[in-house]
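# Observations on the three-dimensional arrangement
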Amino acid sequence: MRGWQVRELGEPADVLEFGELPDPEPGPGQVLVRVHAVACNFPDILLCRGTYQEKPALPFTPGLEIAGEVVAAGDGAAARVGDRVIGTPPMGRGGYAELAVLDAASTLPWPEGMSAGQAAGMFITYQTGICALEHRGRLQAGETLLVHAAAGGVGSAAVQLGRAMGARVIGTAGGAEKCEVVRGLGADEVIDYSAEDVVARVKELTGRRGADVVFDPVGGDIFDASRKAVAFEGRILVIGFAGGRFADAPTNHLLVKNYAVVGVHWGYYRQMRPEMIPAWQGRLDELWAQRKIDPLVGADLPLDQAPEALRRLASRASTGKVVLTP
Ligand SMILES: NC(=O)c1ccc[n+]([C@@H]2O[C@H](COP(=O)([O-])OP(=O)(O)OC[C@H]3O[C@@H](n4cnc5c(N)ncnc54)[C@H](OP(=O)(O)O)[C@@H]3O)[C@@H](O)[C@H]2O)c1
């Protein structure tokens, strides 16, 4: 098969090598999947650099989420040849390749009617969105949801999920082009946070009340602004730190304003509450069947363009998900 490997650590463009690799073989309980699309994620860049919290042994193949078709099943694998699945290959033997091996028990059905790129790219982002908004944030119909970096991967999912849950959604993004994307995703209001004062605009849009729930994948200055823009009894959902700084949450401020700062780490649920993953996927399948969600693929590139895909992610030049197609 053809695929990418990292043999030494460094910038993705310097260390990713494309070429012929041995076909992997499924062990007991595993399936061999022909990759139809693999979605790119920021951790792929960190893995190449060796700065991700998990460090697979060299050489490794990146690629955390795929959509594909089962072409062989190991002993005892609860899957059949021909099944169309989505899932996450084991760390280091990832989906930047024509074939990948997955634990059959961890795969989920590829949602009916979804393109390969959408199916590959919806798994982590929409699971994170539903975990954050429904389970951790308890977002209610009629509440105001403020989504930061709303044109990005997890942000675009949160906008659509928030709308599907009946919230009024305010999306923020950097620049006019991304704001247009956020509007297209269905946000009720859009703030260009590279040009406007987020706190003042949120206060203005909510009659000075603030947002009930804030979805924050950026952190840093954006988190600081969110503390000022959150409503009485609001919830700030800490999703990520794309801005590069971990912000502080002063407990006196939480007390005085009666709001909560809620951590969200979807990946940990796979370990602690694995039964939640198929349950959330069921909810997502329902929403997709009603076309209340429609995952945004901002770029679909051939597999041999992986360094370019990661360059776009690293330089803030992407919207929705960037996917690679073998
Ligand atoms: N908690 C969880 O379970 C979970 C799950 C998935 C992802 N995440 C995290 O969520 C964050 C976003 O992931 P994603 O997949 O949505 O990434 P993404 O598609 O690359 O979107 C990130 C967005 O953040 C904004 N941003 C602001 N400052 C930035 C900076 N200095 N560098 C890069 N981007 C910056 C950019 O939007 P603007 O240009 O509009 O500002 C960018 O589009 C990451 O930190 C990721 O690790 C967490």
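Computed from a predicted model, the values in this text were never measured in an experiment.

## Section: helix H5 (residues 176-184)
Taken residue by residue, H5 has Lys178, Cys179, Val181 and Val182 as its buried positions. Taken down its axis, H5 places every buried residue within 155 degrees of arc, on the same side. The outward face of H5, more than 90 degrees from its buried face, is lined by the exposed residues Ala176 and Glu177. Where H5 is buried, its residues meet helix H4 (153-164), strand S9 (168-173) and strand S10 (189-192). Just downstream of H5, Gly186 is the residue with a positive phi angle, here 110 degrees.

## Observations concerning the site of the ligand
Not every one of the 28 residues close to the ligand is listed here, only the nearest: Gly152, Gly153, Gly174, Gly240 and Ala242. Top contributing element to the shell around the ligand by residue count: H4, with three residues. Here the shell around the ligand is composed, by residue class, of 14 nonpolar, twelve polar and two charged. Of the residues that make up the shell around the ligand, three or more belong to each of domain 1 (2-114 + 295-325) and domain 2 (125-267).

## Here we look at unusual backbone geometry
Across the junction of Leu58 and Pro59, the peptide omega takes the value -10 degrees, indicating a cis bond. Locating Pro59 in the fold gives a position in the loop between helix H2 (42-49) and strand S4 (65-73). A positive phi angle, close to 65 degrees, is found at Glu233, a residue other than glycine. Looking at the element boundaries, Glu233 is found in strand S12 (residues 230-238).

Rules behind the numbers
Residues numbered from 1 in each chain as written. Predicted model: local features only at pLDDT ≥ 70, side-chain atom pairs only at ≥ 80, totals over all residues. Buried ≥ 20, exposed ≤ 12 C-beta atoms within 10 Å, placed from the backbone. Helix = DSSP H or I, 4+ residues; strand = E, 2+ residues; numbered from the N terminus. Arc of directions from axis to C-beta. Contact = placed C-beta atoms within 7 Å. Near = placed C-beta within 6 Å. Nonpolar A, V, L, I, M, F, W, Y, C, P; charged D, E, K, R; others polar. Domains from an automatic or database assignment.

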